[in-house]
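Now for the letters of each chain:
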Amino acid sequence: MTLRRTLLATAALAACALIAGPAAAQSAPKLKVGLMLPYTGTYAALGNAIENGFRLYVSEQGGKLGGREVEFFKVDDESDPAKATDNVNKLVKRDQVDVLVGTVHSGVAMAMAKVAKETNTLLVVPNAGADAVTGPLCGPNIVRSSFSNWQPGYAMGEVVAKKGHKKVVTITWKYAAGDESVKGFKEAFEKSGGQVVKDLSLPFPNVEFQALLTEIAATKPDAVFTFFAGAGAVKFVKDYAAAGLKKNIPLYGSGFLTDGTLEAQGADADGILTALHYGDSLNTPRDNAFRLAYAKTYKLQPDVYAVQGYDAGQILGTGLAAVKGDVSKKAEFAAAVQKAKIDSPRGPFTISKAGNPVQDFYLRQVSGKENKVIGVASKALADPARGCKAS
């Protein structure tokens with residue numbers, strides 16, 4: 001009788017284990033993803049597009065990354081560097097997120113990267129191109145799905161030099177994204193014998209351009225290179241045309257000048273050449289499928305910001321799959337991401353040891369409401385990652 005009871009007890013325990021097994025496997029804690037993006041102000045539309053793209057990728061994976069159901073937490077960063085550290089700590093300390101995704105403004109991203117480094121929190125940057133993020137601040141827990149500010153500037157510097165222009169004026173907001181984009185442009189342009197005769201700037205997000213446009217007219221350069229984005233880019237392109245400069249002095253830009261802004265810029269943007277890692281007429285099966293899925297889901301056409309948000313999800317998914325959802329394995333996560341080829345709507349790209357995309361930059365020309373790809377400005381362009389010990 002005792003033996004029979006023991007066998008029955010053992011069988012019961014085994015049955016319980018079989019029943020509990022699948023339940024235990026399904027009870028992996030949710031992956032807490034903190035979205036710190038601009039939801040108000042100049043860059044609000046950009047933040048929304050990034051979130052849309054990221055959520056689209058997650059939904060395509062059944063709402064899970066690395067086998068863990070995704071739970072979202074959101075903070076509006078207001079594109080304000082002064083509030084950035086407090087805002088990111090709301091996600092890291094208050095909400096205890098596993099992953100940070102953000103942001104657009106380079107100054108805000110710098111604060112996010114510093115906090116991520118101090119707390120060893122995984123950070124995926126879906127836009128902000130601050131060079132230092134994948135330079136001195138690089139690390140196995142920081143990766144970017146977009147670009148460094150240096151990259152589109154450098155690509156356009158090569159283009160402007162090949163066009164035969166010798167003297168150029170640059171104009172931008174006086175902050176990291178503008179300064180570093182211009183620096184990349186100058187490096188490529190001056191390497192080919194060109195000369196930047198004047199650097200003009202104004203504080204972010206100031207859009208009072210008239211005095212600077214008057215200065216450009218008086219300088220009479222062969223061309224103008226600019227970095228602006230969002231609402232500021234809309235006003236600059238319209239003011240440039242209204243000042244009569246467009247007819248005589250070609251305007252070239254980092255692609256953000258005309259991405260997500262063409263509807264508002266109208267005919268004033270026609271013909272402008274920009275360099276960026278995405279365009280509206282790639283017409284590849286991968287891009288066409290993405291554009292269709294995005295349009296069906298959001299009733300909107302995607303832009304580069306949506307692509308970067310989508311690819312932030314792809315990169316995160318790739319790394320988490322390799323570590324089976326264990327965000328503590330930062331080195332293994334980084335190694336997996338750096339070995340991967342990301343199958344992006346922009347075209348396949350890889351991630352450098354510094355955590356930055358190595359990617360093609362397209363030459364695009366505005367035609368109607370499209371940034372039509374007319375060539376490749378720079379092939380497989382890698383950021384120099386100056387100051388990154390990992391590179």
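Below: a short report on this structure. (Residues numbered from 1 in each chain as written. Predicted model: local features only at pLDDT ≥ 70, side-chain atom pairs only at ≥ 80, totals over all residues. Heavy atoms only, no water.)

1. What to know about the overall build of the protein chain
Defined as follows: Counting from the N terminus, the helices are DSSP H or I runs at least four residues long and the strands are E runs at least two residues long. Computation of the radius of gyration draws on C-alpha atoms, with the globule rule given as 2.2 Å multiplied by the number of residues to the power 0.38. Using a 1.4 Å probe on the protein chains alone, a residue whose accessible area is under 20% of its type maximum counts as buried, one over 50% counts as exposed, and one in between counts as partly exposed. Any pair of residues with heavy atoms lying within 4.5 Å of one another is described as a contacting pair. All accessible-area figures derive from a Shrake-Rupley calculation using a 1.4 Å probe, and residue coverage is judged against the displayed protein chains alone. In this charge count, Lys and Arg are treated as positive and Asp and Glu as negative; neither His nor the chain ends contribute. Every charge is mapped to an atom, namely NZ of Lys, CZ of Arg, CG of Asp or CD of Glu.
Tallying secondary structure elements over the protein chain gives 12 helices and 14 strands in all. On C-alpha atoms alone, the protein chain measures out to a radius of gyration of 24 Å, which is about the 21 Å that the 2.2 N^0.38 rule sets for 391 residues. In the protein chain, buried positions account for 54% of the 391 residues. Of the contacts made within the protein chain by residues no fewer than 6 positions apart, 68% connect residues no fewer than 24 positions apart. Carbon and sulfur atoms make up 54% of the accessible area of the protein chain, which totals about 16,200 Å². Each charge class in the protein chain was averaged separately, 46 positive and 37 negative side chains, and the resulting centres sit 5 Å apart.

2. Describing the pattern of salt bridges
What counts here: Salt bridges are counted wherever a side-chain nitrogen of Lys or Arg sits within 4 Å of a carboxyl oxygen of Asp or Glu.
With the rule as written, the count across this model stands at 17 salt bridges. Residue Lys 74 is joined to Glu 51 by a salt bridge in which the shortest nitrogen-to-oxygen separation is 3.1 Å. Taken together, the positions of Lys 74 in strand β3 (residues 68-76) and Glu 51 in helix α2 (residues 44-60) put the pair 23 residues apart, joining distant regions of the chain. The closest approach of N and O atoms between Asp 259 and Arg 364, which form a salt bridge, is 2.9 Å. Taken together, the positions of Asp 259 in the loop between β10 (251-254) and α9 (262-265) and Arg 364 in strand β13 (residues 357-367) put the pair 105 residues apart, joining distant regions of the chain. Residue Asp 259 shares its accessibility class with Arg 364, and that shared class is buried. Each of Glu 51, Arg 55 and Lys 74 takes part in one network of salt bridges that share partners.

3. Some words on the nonpolar core
The following threshold applies: Nonpolar core, defined: a set of buried Ala, Val, Leu, Ile, Met, Phe, Trp, Tyr and Cys residues in which side-chain atoms within 4.5 Å join the residues together.
Ranked by size, the top nonpolar core spans 95 residues in total, and within it Leu 65, Val 99, Ile 216, Phe 228, Phe 236 and Leu 316 carry the most contacts. Sort the elements by how many residues they give to this core and helix α11 (residues 304-322) lands first, with 9 residues. Apart from residues lying up to four places away in sequence, Val 99 is in contact with Leu 31, Lys 32, Val 33, Gly 34, Leu 122, Val 124, Leu 316 and Val 327. Counting 23 residues, the second largest nonpolar core, distinct from the first, contains Ala 84, Val 88, Leu 123 and Val 125.

4. Re the packing of α11 against helix α12 (residues 330-339)
Which entries qualify depends on this criterion: Only the stretch in contact is used when a helix axis is fitted, and all axes are lines through C-alpha atoms; the angle between N-to-C directions ranges over 0 to 180 degrees. For classification, angles of less than 35 degrees are called roughly parallel, those exceeding 145 degrees roughly antiparallel, those between 65 and 115 degrees roughly perpendicular, and all remaining angles oblique. Each crossing gets its handedness from the near helix: less than a right angle anticlockwise from the far helix is left-handed, clockwise is right-handed. Gly is put with the polar residues, along with every residue not named as nonpolar or charged; the nonpolar set is Ala, Val, Leu, Ile, Met, Phe, Trp, Tyr, Cys and Pro, and the charged set is Asp, Glu, Lys and Arg.
The contact between α11 and α12 brings their axes to 8 Å, and the two run at 125 degrees. Taken together, the axes of α11 and α12 are oblique relative to one another. The handedness of the crossing between α11 and α12 is right-handed. On α12, the residues that touch Ile 315, Leu 316, Thr 318, Gly 319, Leu 320 and Ala 322 of α11 are Phe 333, Ala 336 and Val 337. In terms of residue class, the contact of α11 with α12 is made up of 7 nonpolar, 2 polar and no charged.

5. Description of the layout of surface pockets
Any empty space left between atoms is shown by rolling a water-sized probe over those atoms. Applied cut-off: Cavities and pockets are defined on a 1 Å grid built over the protein atoms alone: a cavity is a set of grid points where a 1.4 Å probe fits but cannot escape, while a pocket is an open set with protein on both sides within 12 Å along at least five of seven lines, and lining residues are those with an atom within 4 Å of any such point. Grid points are joined across faces, edges and corners, and a volume is the space filled by probe spheres set on the points.
Quantified by volume, the largest pocket comes out at close to 490 Å³. In terms of lining residues, the largest pocket is bounded by 23 residues, among which Gly 260, Thr 261, Gln 301, Pro 302 and Asp 303 are the most central. Going through the elements one at a time, α2, α9, α10 (285-298), α11 and β14 (370-381) are the ones with two or more residues in the lining of the largest pocket. In terms of residues, the lining of the largest pocket owes the most to one element, α2, which gives 5 residues.

6. Some words on the state of the cysteines
We apply this condition: Cysteine sulfur pairs qualify as disulfides if the two atoms are within 2.5 Å.
By the definition in use, this model includes 1 disulfide. Two residues, Cys 138 and Cys 388, share a disulfide whose sulfurs are 2.0 Å apart. Across the disulfide from Cys 138 to Cys 388, rotation about the S-S bond amounts to roughly 85 degrees, and the bridge is consequently right-handed. Remark: Cys 388 occurs in the segment after β14 and Cys 138 occurs in the loop between β5 (122-125) and β6 (142-144); sequence separation between them is 250 residues. The pair Cys 138 / Cys 388 is uniform in exposure class, with both members buried.

That's the geometry; what it means functionally is another story.
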